[in-house]
Amino acid sequence: MNQFQLYFKLGVEHILDLAGFDHILFVIVLCVVYLLRDWKRILILVTAFTIGHSLTLALATLQVIKVNTDLVEFLIPVTIAITCVTNIFKPKPAAGRSAIQLNYFYALFFGLIHGLGFSNYLRSLLGREASIFQPLLAFNLGLEVGQLIIVGIFLLVASLAVGIIGVKRKEWILVVSSIILGMAVMMMLENKYW
């Protein structure tokens, strides 16, 4: 296996690892307002998230920026909680332009914070690589594919629940966002920064 394939596979495996489920929760809560038919919007949303975390992942891995790891571990569930609260208090499906733009903002801006969380992991993987551009690109592409797998599975479940079982879309958004909010609050308490 060449270096690109190795880091690509590591990126996919890292995002699908249930031990790091905070990333999975964030991607799900971002996408809960959509259904499978909204796949183009979702692709843009997931890519915006990848761009955000790729930027800080690269900067932190190259040690251009340094951030307190404890602070980042606290801020990651905060980003999840903010997104959940937005969904709970504005539980309409993302049909309006403002709802879409807010989700894109969350994906890009909060992606910056999530990227900092990955940086220590990636830095330990890279070790003393001569050039980190190719491994960094491969890892980020692997993360993108992993996210799309997660979103695809979640959207199939959402489409079944809303389309076939008959769960109201508003209730689906409220229930999923509330469950994830509870999990995010628990993670914030576990990783409290103060």
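Residues numbered from 1 in each chain as written. Predicted model: local features only at pLDDT ≥ 70, side-chain atom pairs only at ≥ 80, totals over all residues. Heavy atoms only, no water.

Participant: Help me out: how do you make sense of the environment of Asn68 in this one?
Facilitator: By the element assignment, Asn68 lies in the loop between α3 (39-61) and α4 (69-89). Each C-alpha atom, one on Asn68 and one on Leu116, is 9.5 Å from the other, the two residues being 48 residues apart in sequence. (Helix = DSSP H or I, 4+ residues; strand = E, 2+ residues; numbered from the N terminus.)

Participant: Just to check I follow, could you spell out the layout of surface pockets for this structure?
Facilitator: Gaps between atoms show up when a probe of the same size as a water molecule is rolled over them. Reported here for the largest pocket is a volume of approximately 310 Å³. Taken together, 16 residues form the lining of the largest pocket, with His14, Gly20, Asp22, Glu73 and Gly117 sitting closest to its centre. Within the residue set of the lining of the largest pocket, elements represented by two or more residues are α1 (3-16), α2 (21-31), α4 and α5 (97-126). The element best represented in the lining of the largest pocket is α5, accounting for four residues. Taken together, the residues of the lining of the largest pocket break down into eight nonpolar, six polar and two charged. (1 Å grid on protein atoms, 1.4 Å probe; cavity = no way out; pocket = protein on both sides within 12 Å on 5 of 7 lines; lining within 4 Å. Points joined across faces, edges and corners; volume = space filled by probe spheres on them. Nonpolar A, V, L, I, M, F, W, Y, C, P; charged D, E, K, R; others polar.)

Participant: Help me out: how do you make sense of the pattern of salt bridges in this one?
Facilitator: Pairing is possible between side chains that carry opposite charge, provided their charged atoms lie close to one another. Under the defined criterion, the tally for this structure stands at two salt bridges. Here Lys9 ties to Glu13 by a salt bridge, and the two come within 3.4 Å at their closest N and O atoms. Placement of the pair is Lys9 and Glu13 together in helix α1, with a separation of four residues, close to one helical turn. What makes Lys9 partly exposed here is its relative accessible area of 41%. You can call Glu13 partly exposed: its relative accessible area is 40%. With a closest N to O distance of 3.5 Å, Arg169 and Asp38 form a salt bridge. One end of the pair, Arg169, is in helix α7 (residues 169-190); the other, Asp38, is in the loop between α2 and α3, with 131 residues separating them in the sequence. Since its relative accessible area comes to 17%, Arg169 is described here as buried. (Salt bridge = Lys/Arg side-chain N within 4 Å of Asp/Glu carboxyl O. Buried < 20%, exposed > 50% of the residue type's maximum accessible area, 1.4 Å probe, protein only.)

Participant: Sorry, what's going on with the packing of aromatic side chains here?
Facilitator: Counted according to the given criterion, the structure contains seven aromatic pairs. Considering the side-chain rings of Tyr106 and Phe110, the 5.0 Å spacing of their centres and the 15° angle between planes classify their relative orientation as stacked. With Tyr106 and Phe110 both in helix α5 and four residues apart, the pair spans about one turn of that helix. You'll find Tyr106 and Phe110 in the same group, each marked buried. Counting every residue linked through ring pairs, the aromatic cluster contains Phe26, Phe49, Phe105, Tyr106, Phe109 and Phe110. (Phe/Tyr/Trp six-rings, centres within 6.5 Å; stacked < 30°, edge-to-face > 60°.)

Participant: Hey, could you run me through the packing of α1 against helix α6 (residues 133-165) in this one?
Facilitator: Two quantities define a packed helix pair, namely the angle between the axes and the distance from one axis to the other. The geometry of α1 relative to α6 is characterised by a closest axis approach of 7 Å and an angle of 40° between their N-to-C directions. Relative to α6, the element α1 lies oblique. Considering the relative orientation of α1 and α6, their crossing is right-handed. Residue classes in the contact of α1 with α6 are distributed as 16 nonpolar, seven polar and no charged. (Axes fitted to C-alpha atoms, helices over the stretch in contact; angles between N-to-C directions. Parallel < 35°, antiparallel > 145°, perpendicular 65-115°, else oblique. Left-handed = near helix turned anticlockwise from the far one by under 90°.)

Keep in mind these numbers describe shape, not what the thing actually does.
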